[in-house]
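# Observations on chain architecture
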Amino acid sequence: MFCFNSAVLPSICSFVASKFCLSSSKAFSVSCEFWIIDAAVGRRARVIDDAHARPAHDVAAPGPPAPGVARSTCDVFATAATDGVVALWDLRKDGAAARFTSHANKRDPIRCAFSPCMRFLACGSEDKCAYVYDIRAGRALARLKGARDAVAAVAFNPKYPQLATASYDGKLRFYTCA
């Protein structure tokens, strides 16, 4: 069974700050690198070089964790770029914790979102599907079909086992875990 019961924290191109989990850090993208800013002291804590082959167009942070989920598991963020990679970053480690590539992303900006149980990461795709990745296993868990154009955005429902997708065909679709 999937744990599709999450909230998505809206992100903007190349900047994210989550008051829930990344309260003392901010990620900022310059070209193909990311700067991790320690907001508590107001200076750069780390630089992630060559995060992607192309500049990232989305940075996603976890929303508030589900009951029973340790806050330390929220020390991650994900980035998406038109190099076909969604990268998972752990603020406690150097380098990407995982790189997900089952989806297609060479042209259009796509968004990604974490589930509050922190087991899943969903993203849109240019192949008219949404993908759900298992963060622990580092692989695609589900390929959700139905769109007639690229899936641009995804969001988990914070209360119910449901994933919403928005595609360039102008439709919202809802997928429920069985």
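As a reminder, the structure under discussion sits directly above these lines.
Residues numbered from 1 in each chain as written. Predicted model: local features only at pLDDT ≥ 70, side-chain atom pairs only at ≥ 80, totals over all residues. Heavy atoms only, no water.

### Comments concerning the overall build of the protein
The number of helices and strands found in the protein is 0 helices and 15 strands. In the protein, which comprises 178 residues, the share counted as buried stands at 51%. Here the contacts in the protein between residues at least 6 apart in sequence split such that 44% fall between residues at least 24 apart. Accessible surface, the protein as shown: approximately 8600 Å² in total, 53% of it carbon and sulfur. (Helix = DSSP H or I, 4+ residues; strand = E, 2+ residues; numbered from the N terminus. Buried < 20%, exposed > 50% of the residue type's maximum accessible area, 1.4 Å probe, protein only. Contact = heavy atoms within 4.5 Å. Areas by Shrake-Rupley, 256 points an atom, 1.4 Å probe, with all protein chains shown as cover.)

### Concerning the pairing of strand β10 (residues 120–123)
Neither face of β10 is left uncovered, since the one carrying F120 and A122 and the one carrying L121 and C123 both have all their residues buried. Bridge analysis of strand β9 (residues 112–114) against β10 gives 3 bridges, and the strand direction is antiparallel. The residue bridging F114 from the neighbouring strand is L121, located in β10. Hairpin connection from β9 to β10: 5 residues lie between these consecutive antiparallel strands, with M118 at a positive phi of about 60°. Where β10 lies against strand β11 (residues 130–134), 4 bridges are found, and the strand directions are antiparallel. Opposite L121, over in β11, you have Y133 as the bridge partner. Turn length for the β10-β11 hairpin, with the two strands adjacent in sequence and antiparallel, is 6 residues, and the turn residue K128 shows positive phi of about 70°. (Pairing = 2+ DSSP bridges.)

### Looking at the sheet that holds strand β8 (residues 96–100)
Across the sheet, which stays open at both edges, the 4 strands sit in the order β5-β6-β7-β8 with antiparallel pairing between neighbours. Two strands close off the open sheet at either side, each with one partner strand: β5 (56–60) and β8. Direction aside, neighbouring strands of the sheet carry axes that sit 20° apart on average. Note: strand β7 (residues 85–90) against β8, 4 bridges, orientation antiparallel. For W89, the partnering residue across the bridge sits in β8 and is A96. (Axes fitted to C-alpha atoms, helices over the stretch in contact; angles between N-to-C directions.)

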